[in-house]
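Each chain, letter by letter, is given below.
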Amino acid sequence: MPLINSPAELEEFRQGVLAKRDPNAPCVSVCAGAGCVASGANEVIAAFKAEIEKQGLQASVETKGTGCPGFCERGPVVVIYPEEICYLQVTAEDVPEIVAQTLKEKKVVERLLYVDSATDEKATLESDIPFYKHQERLLLGSNIKIDPKNIDDYLALGGYSALAKALSEMTADQVLEEVKKSNLRGRGGGGFPAGRKWEGSRDAPDDPKYVIVNADEGDPGAFMDRALLEGNPHSILEGLIIGGYTIGAHEGYIYVRQEYPLAVENITLAIKQAEEYGFLGENILGSGFDFVVKVHKGAGAFVCGESTALMTALEGRVGEPRPKYIRSNIKGLWEKPSVLNNVETWANVPLIVNHGADWFTKYGTETSKGTKIFSLVGKIKNTGLVEVPMGMTLHDIIYKIGGGVPDGKKFKAVQTGGPSGGCIPESMLDLPVGFDELSKVGSMMGSGGMIVMDEDTCMVDVARYFIDFLTDESCGKCVPCREGLRQMLKILTNITKGKGKEGDIETLEDLSFTAKAAALCALGKSAPNPFLSTLNYFREEYEAHIKDKRCPARSCKALIDFHIDPAKCQACMICAKKCPVGAIDGGKNKIHVIDQEKCTKCGTCFEVCPSRFAAVQKTSAEPVPPPIPEEERTIVRKSKKK
Amino acid sequence: MDNERIDQIIDKHHGEASSLIQVLLDIQSENHWLPKEALEKVSERLQVPLARIQHIATFYKAFSLVPKGRHEIHVCLGTACHVRGAPRILDTVQDLTGIKPGETDLDLKFSLETVNCLGCCALGPVVEIDGKTHGKMGTSKAADMLKSYD
């Protein structure tokens, strides 16, 4: 028997959960998302539990591993409630001090707070940190408050109230009207209006119907769906059940990539808990509506993020896209009407049902409503997930939230939209983010990857990187993508190796045009975008590679050289010891010299040379100065002269 | 991998042909590769032609048709890791292990694979060994790290 059989019982149960919780009781929330776990969050949680027990506080202090709040750069992130004190980069060694100072004495441990690098000001509360201050976290905000493995945490925050409202107070048509009115657009890439997609399936004559969550987040550099699925799995489940009710589906699928083991674990557990509570199964909340959900693990194929390929994979076959003469919301999974939406799209649905379309449309621009989560990564100070209202400018996201480019380097471009998107140069940073705005400049929203590149990033290499990725991931079904990309990769690789020739750019343009016009699926059609956008905004870099055999960013291995500036070398031997091929000759008080014949250009010496010396030089298309004569190589140190 | 265990996995998925990929994933994760005998068994039980199973086993990245080494190295080549120097990390790992992506060394010590994003972009460049994520990699750090495995 399910635990909860009606909306009234749900409310009663929720009050019971809340009554057991004292909002003023101390609670230690540690981010247990994959990023923080990689930085040691599990050890921190274990240390907290042990220390709290040691101090005899286990009855009064709760410790929990929560979803990802997004500030991965400074992980593991710890938030102490009720004060909401935020500690960053916490290690297990810091835990006794936090327990003794903050939990017992109510004092703040200053050294673990966020320090603004520009003003040297410290921020005690999470909401004071600039990274969070400028965000609008409708979806991500709950993550740090929820233990994703405990459904009661979600219920305590009002979880499943949207489902109860939809099932008891609204007809399916009313839900559909609300979603249509909210103008919620698909967060997975194309930005197709979710309401229209749902309506098509609802009106389709065939039965049964299916609803599907696309959690095959294959775009490299994007991890917002993972954070949602790991951190707040019930919000996605609730959206999916509402979607099923709206279009008349009784079966749902969650297609999640197996590279995200924690997401698979948390969503599987969430489904089990929802079944026990009665949010899934037969006669949900006494409404007469039945609904089940299955998890399908993706086996690693980027193309399966494409809707028709994903459905083919769900059927247990090789995930190749199908032509869309009839859209998949009419003929999709097993040729039946199927609504497929991205994780973030589904997570928005409970919010829209609860607060109404008018509330939702307050956020965003004319054509793009609501908020969008971006994964702000690459050469950026504050790496992490940021959720902003649509319409915020790229400049504000990168500088106000992201804190700009680290190490005093110069910003070059920001890449959005994953392998189907493009690179946007500095001159266009005032662009507001939105589906149509980004498409207009030759990029796209995609699922929300935002990769910042600085002066050290070679744009030709970036194009080559994406085309390489897509060549590898092309399913091989249609010729323009399978063969065209292979040729593009060959030419681009030659250019980065200094073997580019006149006419290469034109050939690349030809191949791009063909793929855009003739490829079968959206992935093939958008595949040339990384090349076309970099060519459009950074043509001079292509020409430098082809004509001068020079890589302006000094990144392409074949076009760069390393040498040691004898005036700067302090003969510290670090590079000589670290060189993996023994190409550096030198000794104590003997200026080091790189043997150009032996050098593999791995860059280790450049990396390890202490920044106060900065003796290792990287050049491109410049003659390497000859090694200094043997007799001049001895360093005579002043301090040793007597 | 014994037949009994394969039966158990197939039963867990109710013996449905549409669960083929899920069955193969379970075998892969337990056995680290897909031996031909296991595939034949799956083919027989699920009533799916062996050719289709091989099509799937070669199409998806997660599957391997050859045995894997004791330690599985995954070098992340996602965009965020790429712009932070992942190709140089991969070169270093290749030089030190003597194998290329997709290969296993003769001692069955290391298997090397590349992945397109592990979602730990804040820690890039990232290398994952036996499921443990090592972040903020540099070429010399990668060399030191590899030495700690035997």
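Everything numeric in this text was worked out from a predicted model, so none of it was measured.

At the junction of the two partners, chain A supplies 45 residues and chain B supplies 38 residues. Contributions of two or more residues to the side of chain A that touches chain B are made by helix H2 (34-38), strand S9 (292-298), strand S11 (371-378), strand S15 (449-454), helix H18 (459-473) and helix H24 (604-608) of chain A.

Take the confidence of the model for chain A next. Low pLDDT marks regions whose predicted coordinates should not be analysed in detail. On average, residues of chain A carry a pLDDT of 92, and 99% of them reach 70 or more. No element of chain A has a lower mean pLDDT than H2 of chain A, which averages 87, and none a higher one than helix H11 (residues 233-247) of chain A, which averages 97.

Before going further, it helps to spend a moment on the sheet that holds strand S2 (residues 110-115) of chain B. All names here are of chain B. One open sheet accounts for four strands, arranged S2-S1-S3-S4; its pairing is mixed. Looking at the sheet topology across the chains shown, the edges are occupied by S2 and strand S4 (132-134). Averaged over all pairs of adjacent strands, the angle between strand axes in this sheet comes to 25°, irrespective of strand direction. Two strands pair when backbone bridges link them, and strand S1 (residues 71-76) and S2 are joined in this way by six bridges, in the parallel orientation. Bridge pairing links Cys76 to Val115 in S2. On top of the sheet, helix H6 (residues 86-97) reaches S1, S2 and strand S3 (127-129); it is set at about 155° to S1, its chief contact.

Attention shifts here to the domain arrangement of chain B. Buried accessible area, meaning the area lost when the parts come together, often serves as the stated size of an interface. Under the domain assignment used here, chain B contains domain 1 (3-59) and domain 2 (71-147). For domain 1 of chain B versus domain 2 of chain B, the distance between C-alpha centres works out to 29 Å.

All names here are of chain A. Taken N-terminus to C-terminus, the directions of helix H19 (residues 479-496) and helix H22 (residues 529-547) make an angle of 40°; their axes are 10 Å apart at the nearest point. Taken together, the axes of H19 and H22 are oblique relative to one another. Contacts from Met488, Ile495 and Thr496 in H19 reach Phe531, Tyr542, His545 and Ile546 in H22. Of the residues that constitute the contact of H19 with H22, the class distribution is five nonpolar, two polar and no charged.

What follows concerns the environment of Ser60 of chain A. Residues and elements named next belong to chain A. On the secondary structure map, Ser60 appears in the loop between helix H3 (41-54) and strand S2 (62-66). Sequence separation of Ser60 and Ala25 is 35 residues, and the distance between their C-alpha atoms is 6.9 Å. Here Ser60 is in contact with Ala25 and Pro26, once residues within four sequence places are set aside.

Here the residue pair Asp207 of chain A and Pro208 of chain A is connected by a cis peptide bond, since its omega of -5° sits within 30 degrees of zero. Secondary-structure assignment places Pro208 of chain A in the loop between helix H9 (194-203) and strand S7 (210-215). Following Gly124 of chain B, the chain continues into Pro125 of chain B via a peptide bond in cis, with omega recorded as -5°. The backbone of Asn589 of chain A shows a phi angle near 60°, a positive value even though the residue is not glycine. Topologically, Asn589 of chain A is positioned in the loop between strand S17 (584-587) and strand S18 (590-594). Classification of Asn589 of chain A by C-beta neighbours within 10 Å gives partly exposed; the count is 14. In this structure, Leu108 of chain B is a non-glycine residue whose phi angle is positive, near 55°. Here Leu108 of chain B is to be found in the loop between H6 and S2.

Next up on the list: the nonpolar core. Formed by 225 residues in total, the largest nonpolar core has its most connected members in Leu24 and Cys76 of chain B. Ranked by residues supplied to this core, first place goes to H18 of chain A with nine residues. For Leu24 of chain B, the residues in contact, after removing those within four places along its chain, are Leu34, Val42, Ile56, Ala57 and Phe63 of chain B. Membership of the second largest hydrophobic core comes to 17 residues, among which are Phe562, Ile564, Ile591 and Cys605 of chain A.

Attention shifts here to the sheet that holds S11 of chain A. Residue and element names in this part refer to chain A. Here we have five strands laid out as an open sheet, ordered S12-S11-S15-S13-S14, and mixed in their pairing. Because the sheet does not close on itself, it has two edges, and the strands there are strand S12 (384-389) and strand S14 (422-425). Going from strand to strand, the sheet's axes swing by 30° on average, the running direction of each strand aside. Bridge count between strand S13 (residues 411-416) and S15: five bridges; the pairing is antiparallel.

Basis of the calculations
Residues numbered from 1 in each chain as written. Chains lettered and ligands numbered in written order. Predicted model: local features only at pLDDT ≥ 70, side-chain atom pairs only at ≥ 80, totals over all residues. Contact = placed C-beta atoms within 7 Å. Helix = DSSP H or I, 4+ residues; strand = E, 2+ residues; numbered from the N terminus. pLDDT = per-residue confidence, 0-100. Pairing = 2+ DSSP bridges. Axes fitted to C-alpha atoms, helices over the stretch in contact; angles between N-to-C directions. Domains from an automatic or database assignment. Parallel < 35°, antiparallel > 145°, perpendicular 65-115°, else oblique. Nonpolar A, V, L, I, M, F, W, Y, C, P; charged D, E, K, R; others polar. Buried ≥ 20, exposed ≤ 12 C-beta atoms within 10 Å, placed from the backbone. Core = buried A, V, L, I, M, F, W, Y, C linked by C-beta atoms within 7 Å.

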